[in-house]
Amino acid sequence: MHVGRKQSIGCTVESCVHYHSGDYCSLSAIVVQPCTNCSNGSPEDESMCSNYRHR
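Remember, it's a predicted structure, so these values are computed and weren't measured experimentally.

**Q** Looking at this model, I keep getting lost on unusual backbone geometry. Mind explaining?
**A** Only a minority of non-glycine residues have a phi that is not negative, and only a minority of peptide bonds are not trans. Although it is not a glycine, Asp23 sits at a positive phi angle of roughly 60 degrees. Judged by relative accessible area, Asp23 falls into the partly exposed class, the value being 37%.

Following this line, the structure appears as C-alpha cells:
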C-alpha cells in the first residue's frame, strides 16, 4: 500500500511498466475489461487490466 493515498491498486505483474516494487500499480486508476471469447467463469480468464504496457 502506498502511504498518503486513500486507496491503492495492488498489482503483481512485474512485466508491466506501471508495476512498482511492493506490489502496487503507479497509476491512480485502472480500467478492467472483459477478455474476448471467454465465458468459463474463471476470474483470471474473464478479465484483464487494459492499462497493461510491457516494460
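**Q** So what exactly am I meant to see when it comes to the layout of surface pockets here?
**A** Here the largest pocket defines a volume of roughly 210 Å³. Lining the largest pocket are 14 residues, with Gly10, Cys11, Val13, Ile30 and Cys49 sitting closest to its centre. Taken together, the residues of the lining of the largest pocket break down into 11 nonpolar, 3 polar and no charged.

**Q** Mind showing me how you'd approach the environment of Val32 here?
**A** For Val32, the position within the fold is in strand S3 (residues 32-34). Taking C-alpha positions, Val32 is 17 Å from Gln7, a pair spaced 25 residues apart along the chain. Excluding anything up to four places from it in sequence, Val32 contacts Ser47 and Met48.

**Q** Mind showing me how you'd approach the environment of Asp45 here?
**A** Topologically, Asp45 is positioned in helix H1 (residues 43-46). For the pair formed by Asp45 and Cys35, sequence separation is 10 residues and the distance between their alpha carbons is 7.0 Å. Residues contacting Asp45, with those up to four places away along its chain left out, are Cys35, Cys38 and Asn40.

Conventions adopted
- Residues numbered from 1 in each chain as written.
- Predicted model: local features only at pLDDT ≥ 70, side-chain atom pairs only at ≥ 80, totals over all residues.
- Heavy atoms only, no water.
- Buried < 20%, exposed > 50% of the residue type's maximum accessible area, 1.4 Å probe, protein only.
- 1 Å grid on protein atoms, 1.4 Å probe; cavity = no way out; pocket = protein on both sides within 12 Å on 5 of 7 lines; lining within 4 Å.
- Points joined across faces, edges and corners; volume = space filled by probe spheres on them.
- Nonpolar A, V, L, I, M, F, W, Y, C, P; charged D, E, K, R; others polar.
- Helix = DSSP H or I, 4+ residues; strand = E, 2+ residues; numbered from the N terminus.
- Contact = heavy atoms within 4.5 Å.

These figures capture arrangement, not role.
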